[in-house]
Structure formats: structure tokens, C-alpha cells
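What follows is each chain in one-letter form.
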Amino acid sequence: MKPSPEIYDALEVVARDLYIKALQDIPPDVRAGLSRGLEAEKQQGNQTASGIMLTILDNIRVADEQKTLVCQDTGLPVFKVAVGGKLDMDLWRLKDSLRKGCARATAERPLRPNTVHPLTRKHTGTNTGEGIPVVKLDFVPDSDRIELQMAPKGSGSENMSFLKMLNPSEGIQGIKRFVVQCIFESGARPCPPMIVGIGLGGTSDIAMGLAKEASTFRHLGTHNPDPDVAKLEDELLDLINQTGIGPQGLGGVTTAMAVNIEWAHTHISQNPVAVNIQCWRGERAEAELDAYGNVSWK
Ligand code: SF4
């Protein structure tokens, strides 16, 4: 079906509002994960770690009450968009609407502009530019709706991204060794307690994309449906929390709130493993549009 022509204007407004909401309103699953972290540190009698967790939760409360941003880093805008297969959308216009929405959020809120040319470091001033916002498109059969997830990916955590093409013979032990090495290398820089996203399989670029999806768009408290992968998520979370890095790197049992793994099949002689970290902010906002541009917030 052809969606209403107003849908592209509605997408622009939703993109603007998602960007701002994600920076102000921490998702409920992340709040719950932080509260669990506070309880774990209290049980250990770790006053420094408990104090940091309390400060983080207080930061969120102040942002709620004063409608301020939770952190100064307004990130690079990343969208995951699932388009209903029944909708005859102009995908170029859809992406253009998301780009305009990000520029409007930056001008109207206003937000700190972060987007620069990689060589000249010249600002675009709009939080948009070549390849930005990042838009990951997917399609849902038998649906006439558009599902949007938005994350302003902050730099402290995004800089902690790693890829290794392991030898297949290194197996699960090799994957665990590499992931824990990445966590030690990251230390306090991604603002722990973190959400660790891991991409397994595919090609190198697919693995990185899966790691980003796992760190950014998976809700805390969920497991990968594959039982072997879910078991590895639990084992890695235990290992990471045994490192003692703790909240903000000052020691404790809550280095990570979650380890999320997404995977794809790979080549018989490849074993790509990618790691992408999300900070305690776990910023993410979600909404859904129908074919007439009516919005439901999640
Ligand atoms: S890593 Fe996250 S919490 Fe830390 S400064 Fe960056 S956006 Fe803010």
C-alpha cells in the first residue's frame, strides 16, 4: 500500500523527538540494570562503587526533573528502522527525513554538534553529514508500520570498538580471551558499568554491525534465542565482572550490566569476533508509525 504523503514529514518530526528523548530519558531496562548494580555493590560493602552508582542514578533523576541531557556527549545519531513489507515507501525520502530530523533537533533543542570531516575536522554544525545519521534498514513481512529505534552513540564508548579475525581452531576459548582482553584495554574509558555488544560470524563488516546492534539496540535482561549463544552471554558477563574494573573503573563487581551477542553464519575458515561497548547511559529511544504518520511512543 502507498503510505500517506504526510508520512515523510511525520518521520522528520519523530526523528527529531527521538534524538532528544534518547539524550534525556534513560530506558527503563537500563535504569533497572543500574539499580541492580547498586544493590550488588552495596552487598559487597563497596562504598566507592555504591557511591558512584548512586551518583549515576541521581544524574538520571535530575535529567528527568529538569528535562536536561543526561550527559554532555550528544553522540552520532544511529537509527535502526524496520519498514513494514506492505508499505510502498520511498526509502531515499525516508532517510532524508531522518537526516532533516537530526538537524532540527540540533538547531531547535539545541544540541552540541559533533559531526566533523575525518581529515579536516571541519564541523557540519548539524549532527548530520556524509553517511550520518547512520541508518540501518530492515524489513518486516506482513506489516504496514514503521518501527524506529534511535541511539545517539557517544564517543567514549564507541572508541572502544574492536575486531579480530580469529582462527577457527581458537574456538570459544579464543572468543572469551579476546573479549576479556578488550575489556581490560577499555578500562574506565567507556564509563562503566557498560553494556558489552559482541558480533560473531559473518564477514568483518557484518560482525562489527552485529556488535553495534547488540550493544545499542538489545534490551537489558534479554538473551539471544540460540541457547549456545545465550550460555556464552552469561559466561562472559561473569568473566567481565570478575575483572574488578567496576563502576567508572574505580573497582567493584559491576563492570558490565549485560553482555549481548548477535551472530551470523560465517565462512568455514573464518571466525570474526567484534566488540562494541555502550556506556552506562545506554541511550536509546523507540517509536512506531502507521501508514498515516500517526506515532506511538514505546
Ligand atoms: S561514554 Fe557515555 S556516559 Fe561517558 S561521556 Fe561518553 S556518552 Fe557520556
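Data block above holds the structure.
About the thresholds
Residues numbered from 1 in each chain as written. Predicted model: local features only at pLDDT ≥ 70, side-chain atom pairs only at ≥ 80, totals over all residues. Heavy atoms only, no water. Helix = DSSP H or I, 4+ residues; strand = E, 2+ residues; numbered from the N terminus. Rg over C-alpha atoms; globule rule 2.2 N^0.38 Å. Buried < 20%, exposed > 50% of the residue type's maximum accessible area, 1.4 Å probe, protein only. Areas by Shrake-Rupley, 256 points an atom, 1.4 Å probe, with all protein chains shown as cover. Near = heavy atom within 4 Å. Domains from an automatic or database assignment. Axes fitted to C-alpha atoms, helices over the stretch in contact; angles between N-to-C directions. Parallel < 35°, antiparallel > 145°, perpendicular 65-115°, else oblique. Left-handed = near helix turned anticlockwise from the far one by under 90°. Contact = heavy atoms within 4.5 Å. Nonpolar A, V, L, I, M, F, W, Y, C, P; charged D, E, K, R; others polar.

**Describing the overall build of the chain**
And then number 1: The secondary structure content of the chain amounts to eight helices and nine strands.
And then number 2: Relative to its length of 298 residues, the chain is compact, with a C-alpha radius of gyration of 19 Å against a globular reference of 19 Å.
And then number 3: A burial count over the chain gives 52% of its 298 residues as buried.
And then number 4: In the form shown here, the chain has an accessible surface area of approximately 13700 Å², with 54% of it arising from carbon and sulfur atoms.

**A short note on the site of the ligand**
And then number 1: In the neighbourhood of the ligand, the contacting residues comprise C71, Q72, D73, G154, G156, S157, P190, C191, C279, W280 and R281.
And then number 2: Viewed by domain, the shell around the ligand spans two of them, domain 1 (7–23 + 70–154 + 283–297) and domain 2 (156–278), each represented by three or more residues.

**Describing the packing of helix α2 (residues 28–43) against helix α3 (residues 47–66)**
And then number 1: Running from N to C, α2 and α3 point in directions that differ by 155 degrees, and their axes come no closer than 8 Å. By the criterion of interaxial angle, the relationship of α2 to α3 is roughly antiparallel. Taken as a pair, α2 and α3 cross one another with a handedness that is left-handed. The segment α2 lies against α3, with R31, L34, S35, G37, L38, E41 and K42 engaging A49, S50, M53, L54, I56, L57, I60 and D64.
And then number 2: Across the contact of α2 with α3, the residue classes break down as eight nonpolar, three polar and four charged.

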